[in-house]
Amino acid sequence: MVKLIKNEWKRYRIFSLVMLLTAVGMALILALLVVLTLNLSNEKDTLSDIASYGNFAMVCIIISVLPSAAVIYCILSYAADIGRKGMIFLTPVSTWKIISSKLIYAAATFLLLYAVSFGGILLASDISNMIGSDPDCKEMAEMIRKFAVGRYLSFREIENFPLEALMKFILSFLSTMHMSILVIASISLARFAANSVGIQVLLSIVFYFIVALIERLIDMLIAMLMNNENIWRSMFEYSLGNTVWSMLSLVVYSVILYIVCACLTDKKVNLVS
Amino acid sequence: MLQMENVIVRFGVQTALDRFCYSFEPGHIYGLVGPNGCGKSTLMKTAAGLLKSYSGNVSYCGEKVKTEQRSKIAYLPTHPVYYRYMSVDDMGAFYEDFFPDFSRDEYRNMTAFFGLNPKQKLSGMSTGMVAKVRVAATLSRNAGVILLDEPLNGIDMLGQDQIRQIIQSIDLAGKTIIISSHLLDQLEAVCDHVVMMNAGRVIFHGNMAQLRAQYNMTVSELYRNIYAQYFQAMAMGGGMMQW
């Protein structure tokens, strides 16, 4: 496994480093924007508003887009390996191990980028707290923190920031890993179903949405069976119970998709064009 | 022994291997020849365990060819397979990491024999130089079966001679080497058996020395005669010719 991960690192070190530098760069830009906003707080309202909206847009991009690099890595890595240049599939290493190594690398990419992104946001929040003495700055610092944590979650039950941040992190991690394995599974399904590369790409996208839709439908069906009267509300408003339930379903779907993908690649998918 | 029984491989409506049956015995070097699209590469991929959607049986030493058998079967694909980050040395490191039968020293010797710079990136090399690296990596494995799919493609004449020398120096005890190529003269110099294919089937096979003695012609001449008669027979109603 270590050798497999080492091989992934060698192949994708440029991509990983570029993403890491982008994350650091964006965190620094956010910090600068915060300083700018604080300096403009006494200026014209429009400029101040633009700067503060810029902050939130930046936070949103950092926290949601950067960790998706893990999913992009999975698409690049698996699609390349299963295609003509799949050197790793010429080796006697089992498909289970190969796919696991890709998921571990994706997880490591996510963790690193998330740590940098979240660290950057907290830094921006602290700058706002330290520089500004007026209540507006305190409020902005608090909003940045809330915005970073509360994009998916708005727990009414939890008032504790570290716990809220931890829940957000776990949910983001599981969502990203689920998306990664869903992408890999969609590619392997498409690869099994068609020989032409163009059709495979199209089918991968179609399979991705079909499987994601099936998962949502199963979630709704389970909610109905459990006599949850307010299904729609439960899907969009995050309470602690719903979030834990989402986490559980993400883990279950990811494990199923991993088994499907590895079995399909191992037994059915042609590894060369 | 690498055995293939009734192997059928289809790509859509096209049948690449059509009830292919053949036993490749250890201690021999087989030359796999035939016109473009006759199924040579498909046969190689199937024997290497890379094509999964087939019917029939492919086994090595009595065991069905699966992922684990790749540790005993060395395969050189036609198309250049390497990662962009790789230098000549990195290729050796990769093979060392993943193939227990790989000898790094032998690889270093072979690449030096080909005059390749160990630090040079494969992505910056010519097709022929990359082909030499790939041949060196494959032949540095001590595998029971060595499948070389058009190993001489893009390699200059001197390089071809070097590869021929390396293949001829391999100790064949317990080993089977299968080489597909259109360069019959080169094949004739290294192979002891020839297998001629068309439309996914074996149409003719035999020991090279015996064939040369029996028909008093080179393998190239034999190839031309056999395929001329084969296509003529097919055009006239499909009966197999007698040899």
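It should be noted that the structure appears before, not after, this text.
Residues numbered from 1 in each chain as written. Chains lettered and ligands numbered in written order. Predicted model: local features only at pLDDT ≥ 70, side-chain atom pairs only at ≥ 80, totals over all residues. Heavy atoms only, no water.

Some words on the overall build of chain B
Right, on to step 1. Across its full length, chain B holds eight helices and 10 strands.
Right, on to step 2. The contacts in chain B between residues at least 6 apart in sequence include a share of 66% that link residues at least 24 apart.
Right, on to step 3. A total accessible area of about 10,300 Å² is found for chain B, and carbon and sulfur atoms account for 49% of it. (Helix = DSSP H or I, 4+ residues; strand = E, 2+ residues; numbered from the N terminus. Contact = heavy atoms within 4.5 Å. Areas by Shrake-Rupley, 256 points an atom, 1.4 Å probe, with all protein chains shown as cover.)

Some points on the pattern of salt bridges
All names here are of chain B.
Right, on to step 1. Enumeration over the complete set of coordinates arrives at 10 salt bridges over all chains.
Right, on to step 2. Between Glu-63 and Lys-72 there is a salt bridge, with the nearest N and O atoms lying 3.6 Å from each other.
Right, on to step 3. On the accessibility criterion, Glu-63 (40% relative accessible area) is partly exposed.
Right, on to step 4. Using a relative accessible area of 36% as the deciding quantity, one classes Lys-72 as partly exposed.
Right, on to step 5. Of the charged contacts, one joins Glu-96 and Arg-104 as a salt bridge, the two residues approaching to 2.7 Å between their closest N and O atoms.
Right, on to step 6. When its relative accessible area of 39% is taken as the criterion, Glu-96 is described as partly exposed. (Salt bridge = Lys/Arg side-chain N within 4 Å of Asp/Glu carboxyl O. Buried < 20%, exposed > 50% of the residue type's maximum accessible area, 1.4 Å probe, protein only.)

With respect to the sheet that holds strand β9 (residues 193–198) of chain B
Residue and element names in this part refer to chain B.
Right, on to step 1. The strand order across the open sheet formed by six strands is β6-β7-β8-β3-β9-β10, and the pairing between neighbours is mixed. One side of each edge strand has no neighbouring strand; the edge strands of this open sheet are β6 (73–76) and β10 (201–207). For this sheet, the mean angle separating the axes of adjacent strands, direction not counted, is 15°.
Right, on to step 2. Seen against the sheet, helix α8 (residues 219–235) touches β3 (28–33), β9 and β10 and runs at an angle of roughly 30° to β9. (Pairing = 2+ DSSP bridges. Axes fitted to C-alpha atoms, helices over the stretch in contact; angles between N-to-C directions.)

A closer look at helix α7 (residues 197–225) of chain A
Right, on to step 1. Compared with the 42 Å implied by 1.5 Å per residue over 29 residues, the 41 Å span of α7 of chain A between its first and last C-alpha is a close match.
Right, on to step 2. Three or more residues of α7 of chain A are buried, namely Gln-200, Ser-204, Val-211, Glu-215, Asp-219, Met-220 and Ala-223 of chain A. (Expected span 1.5 Å × (residues − 1).)

Looking at the packing of helix α3 (residues 104–113) of chain B against helix α4 (residues 127–139) of chain B
Residues and elements named next belong to chain B.
Right, on to step 1. The N-to-C vectors of α3 and α4 enclose an angle of 150°; their axes lie 9 Å apart at closest approach. As far as their axial angle goes, α4 and α3 are roughly antiparallel. Both α3 and α4 take part in a crossing whose hand is right-handed. Listed contacts from α4 to Glu-106, Tyr-107, Met-110 and Thr-111 of α3 are Val-133, Ala-136, Ala-137 and Leu-139.
Right, on to step 2. Taken together, the residues of the contact of α3 with α4 break down into six nonpolar, one polar and one charged. (Parallel < 35°, antiparallel > 145°, perpendicular 65-115°, else oblique. Left-handed = near helix turned anticlockwise from the far one by under 90°. Nonpolar A, V, L, I, M, F, W, Y, C, P; charged D, E, K, R; others polar.)

Some points on the environment of Gly-56 of chain B
Residue and element names in this part refer to chain B.
Right, on to step 1. Residue position: Gly-56 is located in strand β4 (residues 54–60).
Right, on to step 2. What makes Gly-56 partly exposed here is its relative accessible area of 41%.
Right, on to step 3. Taking the C-alpha atoms as reference points, Gly-56 and Cys-21, 35 residues apart in sequence, are found 9.2 Å from one another.
Right, on to step 4. In this structure, Gly-56 is in contact with Glu-5, Asn-6 and Val-7, ignoring residues within four places of it in sequence.

Some thoughts on the sheet that holds β4 of chain B
Residue and element names in this part refer to chain B.
Right, on to step 1. With antiparallel pairing, the four strands of this open sheet are ordered in space as β2-β1-β4-β5. Pairing within the sheet leaves two strands with one partner each, and these edge strands are β2 (14–24) and β5 (63–64).
Right, on to step 2. Pairing geometry for strand β1 (residues 2–11) and β4, over six bridges, is antiparallel. Looking at the pairing, Glu-5 lines up with Asn-57 of β4.
Right, on to step 3. Across the sheet, helix α1 (residues 40–47) is in contact with β1, β2 and β4; its angle to β1 comes to roughly 120°.

Here we look at α4 of chain B
All names here are of chain B.
Right, on to step 1. Look at α4: 18 Å from first C-alpha to last across 13 residues, which is about the 18 Å you get at 1.5 Å a residue.
Right, on to step 2. Where burial is concerned, most of α4 is hidden: 11 out of the 13 residues are buried.
Right, on to step 3. Looking at α4, one finds that the buried residues are Gly-128, Val-130, Ala-131, Lys-132, Val-133, Arg-134, Val-135, Ala-136, Ala-137, Thr-138 and Leu-139.
Right, on to step 4. Buried residues belonging to α4 abut β6, α2 (88–98), α3, β7 (145–149) and α5 (157–169).

Description of the nonpolar core
Right, on to step 1. Counting residues in hydrophobic clusters, the biggest one holds 128 residues, and the most contacted among them are Leu-2, Phe-24, Met-91 and Leu-147 of chain B.
Right, on to step 2. Here this core gets 10 residues from one element, more than from any other, and that element is helix α4 (residues 95–131) of chain A.
Right, on to step 3. Apart from residues no more than four positions distant in its own chain, Leu-147 of chain B is found in contact with Leu-2, Met-44, Ala-47, Ala-48, Ile-73, Ala-74, Tyr-75, Leu-76 and Ile-178 of chain B.
Right, on to step 4. With six residues, the next largest nonpolar core counts Leu-30, Ala-31, Ile-121 and Ala-124 of chain A among its residues. (Core = buried A, V, L, I, M, F, W, Y, C linked by side-chain atoms within 4.5 Å.)

Focus: the pairing of β7 of chain B
Each regular strand displays side chains that alternate between the two surfaces of the sheet.
Residue and element names in this part refer to chain B.
Right, on to step 1. β7 sits mainly inside the fold: five of its five residues count as buried.
Right, on to step 2. Here β7 shows a buried face lined by Val-145, Leu-147 and Asp-149 and a second buried face lined by Ile-146 and Leu-148.
Right, on to step 3. As defined by bridge partners, β6 adjoins β7 across four bridges and the pair is classed as parallel. Each residue of the ladder has a partner; that of Tyr-75, found in β7, is Leu-147.
Right, on to step 4. Remark: the β7/α5/strand β8 (residues 176–180) crossover connection has right-handed handedness. (Right-handed = clockwise from strand over helix to strand, strands pointing away.)

Observations concerning the interface of chain A and chain B
Right, on to step 1. Between chain A and chain B, the residue contacts involve 29 residues of the former and 25 residues of the latter.
Right, on to step 2. Counting every contact that joins chain A to chain B gives one salt bridge.
Right, on to step 3. We note a salt bridge from Lys-6 of chain A to Asp-97 of chain B, for which the minimum N-O separation is 3.1 Å.
Right, on to step 4. On inspection of chain A and its partner chain B, the count reaches six residue pairs in polar contact (both at pLDDT 80 or more).
Right, on to step 5. At the level of secondary structure, the elements contributing two or more residues to the side of chain A that touches chain B comprise α1 (2–40) and α9 (240–267) of chain A.
Right, on to step 6. Partitioning the side of chain A that touches chain B into residue classes produces 10 nonpolar, eight polar and 11 charged. (Polar contact = N/O pair within 3.5 Å; in protein donor to acceptor, adjacent residues only side chain to side chain.)

Remarks on a nonpolar patch on the surface
Right, on to step 1. On the surface, Met-226, Trp-245, Leu-248, Val-252, Ile-256 and Val-260 of chain A cluster together into a nonpolar patch covering about 550 Å² of accessible area.
Right, on to step 2. Tracing the sequence through the fold places Leu-248 of chain A in helix α9. (Patch = residues over 30% accessible without salt bridge, like charges linked within 9 Å, V, L, I, M, F, W, Y side chains within 5 Å.)

Examining the packing of α4 of chain B against α5 of chain B
How two helices pack is summed up by the angle between their axes together with the distance between the axes.
All names here are of chain B.
Right, on to step 1. With their axes 12 Å apart at the nearest point, α4 and α5 run at an angle of 0° to one another. Relative to α5, the element α4 lies roughly parallel. The residues of α5 that touch α4, namely those facing Lys-132, Val-135 and Leu-139, are Gly-159, Gln-162, Ile-163, Ile-166 and Ile-167.
Right, on to step 2. Broken down by class, the residue content of the contact of α4 with α5 amounts to five nonpolar, two polar and one charged.

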